[in-house]
There are 2 protein chains.
Amino acid sequence: MSEEFTVTPWEVKGFIDYDKLIKDFGTQPLTDEILERVRRLAGELHIHLRRRIFFSHRDFDWILDKYEAGEKFILYTGRGPSGHIHLGHLLPWFFTRWLQEKFNAKLIFQMTNDEKFLYRHDLSMDDALKFSYENSLDLIALGFEPERTVILIDTLASKTLYNIAIRIAKHVTTSTVKAIFGFEDSTNIGMMFFPAIQAAPCFIESVLQGRNIPCLIPAAIDQDPYWRMTRDVAPKVGFYKPAQVHCKFLPGLGVGGKMSSSMPETCIFTIDDPDEVYRKVMNAFTGGKPTREEQRRLGGNPEVCTVFHYEYYLFEDDDKRVKELELMCRSGQLLCGECKLELAAKIRLFLTEHQKRREDARNAIDKYLYID
Amino acid sequence: MSEEFTVTPWEVKGFIDYDKLIKDFGTQPLTDEILERVRRLAGELHIHLRRRIFFSHRDFDWILDKYEAGEKFILYTGRGPSGHIHLGHLLPWFFTRWLQEKFNAKLIFQMTNDEKFLYRHDLSMDDALKFSYENSLDLIALGFEPERTVILIDTLASKTLYNIAIRIAKHVTTSTVKAIFGFEDSTNIGMMFFPAIQAAPCFIESVLQGRNIPCLIPAAIDQDPYWRMTRDVAPKVGFYKPAQVHCKFLPGLGVGGKMSSSMPETCIFTIDDPDEVYRKVMNAFTGGKPTREEQRRLGGNPEVCTVFHYEYYLFEDDDKRVKELELMCRSGQLLCGECKLELAAKIRLFLTEHQKRREDARNAIDKYLYID
């Protein structure tokens, strides 16, 4: 993987070398030792840990120390609501849901509709708010319980957020956000301030409860710059540094890069017609050979196959079956068409059920929202 | 007046050449024509207009056009609550109260406790909030009615303010606030964003009422940079540009500059012991001569006399009496001691009554506060 790649909160492109990211970002790899501790405490290991989809962290071991010492932690993650949700967005949410269940942790979920409005010239406040609600339905549909899940839509919670954010902002210079986020003098002053708004939910429970509460952020690694800044400031305002656990990006159905809303044919959206999914999956890029005959003779290459990636990242829990798929592909036993049909059926089933839960969530959403 | 002087939102020093400020800031002088219109509409002219304490404006004539066409305007002014109120702070509030009464205008009053917290290393959020309440008492004590006066303490109204501020911030680059306010890369990101929070109250009534409402800002001229920025952005977000009317600074009791909390001996605070005021006034800088004999023979110089300034700016409504004081001083008829006693008595009377109304305001403050 020698190609150029870019990972920032606004852009992810190219074939990503995750080992290099760990080095560049200065994070820690998730070690076998940490996974063993998680297995012991949770009673099992989520596939995203077994398969190192979550692969990197900061202070996850410290969170486990705290947990073992009887100190509960909160989970915090979020979403920039500029459009509908696709499977790539769901990836870390599945794992977050598992963490919530296994560690009985409260989740704070931030919808950064303010940032999307500030960043995108073509997005109105109404649209960013509409997508905040729509995206919340997807979150709720994954099974997060209202008793321990709080959704902060920034513009509806901005009294609480702003009051925390200014405590953070006082310790963050313009130079710092320029260096971390690549901001320039042409950046608008809302964007300049926004990193403090994104940092605020790390501390919201500590502020509301009046005591220091550890926070673990499960999220894709492109968000790491925000937390680096937040971790620098936390001790200055009297809070624990937020811990993090980072995941890889779900590849798109095309060649390379992460699943991206800007290329809708390469994405499976949660609101896609389940039948439509067949077409998208049948058009997916695979590691197959040009002809059936060659495939039988030479076998396929699951490493570059997006269909295999989807099974591996999301749709096949059974490690044995994953290994089987890989071997059958390599040996030429399994043809791409068969593999695609298997995946498409799984995705169709998931979407059908998800969409039902998603509609049910419309009646429940008020129980999740934190409104000032 | 060839001495160096500085006027920014954070610093006012030196002997101020107000004609030069009009030129430097690009504002308009308050003409006789405008004053005549105000006299006709209000039935009288406030001493701050007659004496050109309010001396400069932007679009005040446009506000009068709107008013004559039956379109009501709101008043907006504010205060950075970093300490107690002195007479210099009250100066524009007296005139604002008069405008409210004569034009039946709603007043939006902003307490920028967030900015004071962000700017000053030594000020806690608790202190800035405490002073917001204390300063509100002084405002209320001047007779502003709860039916048409809204006090926004920023951290208590930050949901509403932030939602308006991001609409403004989207159109303001970091370069712009650097150029206008002298911010640098070492400035914290809360301060960078703050100009959008200070701009927001111009539009709060328009947002809440869902229609465009003209806004007039009576304030000292050092705040002009904020409104220059706001006026640039207003049309881009669909609002009228806020109009302004600018006042001079009440001089301190010492030599030169405005009354400043950082030199408490030169200030009369509203919470000062009324008897204490005698001492401060008796120590004031005047235009008198070193000896009684010289004063009788040569007369004093009221132009540089802080005691005369206080009569002129605040305590002697009667223009004839002001002229009389001036002539008696110049001719040596009036000695500084007599003049000081007259002023001290007036200030003592004012403070005694103000402090009573100020204490009564503690029970009324809730009727004024806008809390999200």
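All values derive from a computational prediction rather than experimental measurement.

## Some words on the overall build of chain A
Counting secondary structure elements, chain A contains 17 helices and nine strands. For chain A, the C-alpha radius of gyration of 21 Å lies close to 21 Å, the compact-globule estimate for 372 residues. Contacts spanning at least 24 positions in sequence make up 75% of the contacts within chain A whose residues lie at least 6 apart.

## Thoughts on the domain arrangement of chain A
Residues and elements named next belong to chain A. Domain assignment breaks chain A into domain 1 (6-249) and domain 2 (264-359). Here domain 1 and domain 2 have C-alpha centroids that lie 29 Å from each other. Across the boundary between the two partners, domain 1 contributes twelve residues, which contact 13 residues of domain 2. Listing elements by their share of the side of domain 1 that touches domain 2, those giving two or more residues are α3 (47-50), α5 (87-103) and α7 (125-141). It is α7 that provides the largest number of residues to the side of domain 1 that touches domain 2, a total of three residues.

## Here's the deal with the interface of chain A and chain B
Contacts between chain A and chain B engage 28 residues on the former and 28 residues on the latter. Those elements giving two or more residues to the side of chain A that touches chain B turn out to be α6 (113-119), α8 (158-169), α9 (174-181) and α10 (189-199) of chain A. Residues that form the side of chain A that touches chain B fall into these classes: twelve nonpolar, ten polar and six charged.

## A closer look at α5 of chain A
The end-to-end C-alpha distance of α5 of chain A is 24 Å, a good match for the 24 Å that 17 residues give at a rise of 1.5 Å each. Among the 17 residues that make up α5 of chain A, 14 are buried, leaving the element largely enclosed by the rest of the structure.

## Concerning the sheet that holds strand β4 (residues 54-58) of chain A
Residue and element names in this part refer to chain A. Here seven strands make up an open sheet; going across it, the order is β3-β4-β9-β8-β5-β6-β7 and the pairing mixed. Looking at the sheet topology across the chains shown, the edges are occupied by β3 (28-29) and β7 (149-153). Bridge count between strand β5 (residues 74-79) and strand β8 (residues 215-220): two bridges; the pairing is parallel. Following the sheet pairing, Ile 74 is matched in β8 by Cys 215.

## Details of the relation of the copies chain A and chain B
The transformation that overlays chain A on chain B combines an axial shift of 0.0 Å with a rotation of 180 degrees, and the residual RMSD is 0.0 Å. The operation mapping one copy onto its partner corresponds to a two-fold rotation axis. The position closest to the rotation axis in chain A is occupied by the C-alpha of Lys 159 of chain A, lying 2.1 Å away. Here 100% of the interface residues in chain A have copies in chain B that are interface residues too; the copies meet face to matching face.

## Points about the sheet that holds strand β6 (residues 106-111) of chain B
All names here are of chain B. The strand order β3-β4-β9-β8-β5-β6-β7 describes an open sheet built from seven strands, whose pairing is mixed. The open sheet has two edge strands with one neighbour each: β3 (28-29) and β7 (149-153). The sheet contact formed by β6 and β7 spans five bridges and is parallel. Of the residues in β7, the one forming a bridge with Ile 108 is Val 150. Contacts between helix α4 (residues 60-68) and the sheet are confined to β4 (54-58), β8 (215-220) and β9 (243-247), with β9 contributing the most and set at about 125 degrees to the helix.

## Concerning the pairing of strand β6 (residues 106-111) of chain A
Residue and element names in this part refer to chain A. Burial runs high along β6: five of the six residues are buried. Strand direction decides the pairing type here: β5 and β6, joined by six bridges, are parallel. Directly across from Tyr 76, in β6, lies its bridge partner Ile 108. In terms of handedness, the path from β5 via α5 over to β6 forms a crossover that is right-handed.

## Digging into the packing of α10 of chain A against helix α10 (residues 189-199) of chain B
The contact between α10 of chain A and α10 of chain B brings their axes to 8 Å, and the two run at 130 degrees. Put simply, α10 of chain A runs oblique to α10 of chain B. As for the relative orientation of α10 of chain A and α10 of chain B, their crossing is left-handed in sense. Taking contact as the criterion, the partners of Ile 189, Gly 190, Met 192, Phe 193, Pro 195 and Ala 196 of chain A in α10 of chain A are, on α10 of chain B, Ile 189, Gly 190, Met 192, Phe 193, Pro 195 and Ala 196 of chain B. For the contact of α10 of chain A with α10 of chain B, a count of residues per class yields ten nonpolar, two polar and no charged.

## Things to note about α7 of chain A
Residues and elements named next belong to chain A. If you check α7, its first and last C-alpha atoms are 25 Å apart, about what 17 residues at 1.5 Å a residue would give, namely 24 Å. Among the residues making up α7, those that are buried are Ala 128, Leu 129, Phe 131, Ser 132, Asn 135, Ser 136, Leu 137, Asp 138, Leu 139, Ile 140 and Ala 141. Residues of α7 that are buried make contact with β5, α5, β6, α6, β7 and α17 (336-361). Where α7 terminates, the next one or two residues include Gly 143, which has phi positive at roughly 105 degrees.

## Things to note about the pairing of strand β5 (residues 74-79) of chain B
Judged by how many residues are buried, β5 of chain B sits mostly within the fold: six of six residues are covered. What you see with β5 of chain B is no split at all: Ile 74, Tyr 76 and Gly 78 of chain B on one side and Leu 75, Thr 77 and Arg 79 of chain B on the other are buried throughout.

## Examining the packing of helix α13 (residues 274-282) of chain A against α17 of chain A
Residue and element names in this part refer to chain A. Contact geometry for α13 and α17: axes closest at 9 Å, N-to-C directions at 150 degrees. The pairing of α13 with α17 is recorded here as roughly antiparallel in orientation. Like other packed secondary-structure pairs, α13 and α17 cross with a definite hand, here right-handed. In this structure, α13 uses Pro 274, Val 277, Tyr 278, Val 281 and Met 282 to contact α17, whose residues at the interface are Lys 340, Leu 343, Ala 344, Ile 347, Arg 348, Leu 351 and Thr 352. Among the residues forming the contact of α13 with α17, the class breakdown is nine nonpolar, one polar and two charged.

About the cut-offs
Residues numbered from 1 in each chain as written. Chains lettered and ligands numbered in written order. Predicted model: local features only at pLDDT ≥ 70, side-chain atom pairs only at ≥ 80, totals over all residues. Helix = DSSP H or I, 4+ residues; strand = E, 2+ residues; numbered from the N terminus. Rg over C-alpha atoms; globule rule 2.2 N^0.38 Å. Contact = placed C-beta atoms within 7 Å. Domains from an automatic or database assignment. Nonpolar A, V, L, I, M, F, W, Y, C, P; charged D, E, K, R; others polar. Expected span 1.5 Å × (residues − 1). Buried ≥ 20, exposed ≤ 12 C-beta atoms within 10 Å, placed from the backbone. Pairing = 2+ DSSP bridges. Least-squares fit on C-alpha atoms with pLDDT ≥ 70 in both. Axes fitted to C-alpha atoms, helices over the stretch in contact; angles between N-to-C directions. Right-handed = clockwise from strand over helix to strand, strands pointing away. Parallel < 35°, antiparallel > 145°, perpendicular 65-115°, else oblique. Left-handed = near helix turned anticlockwise from the far one by under 90°.

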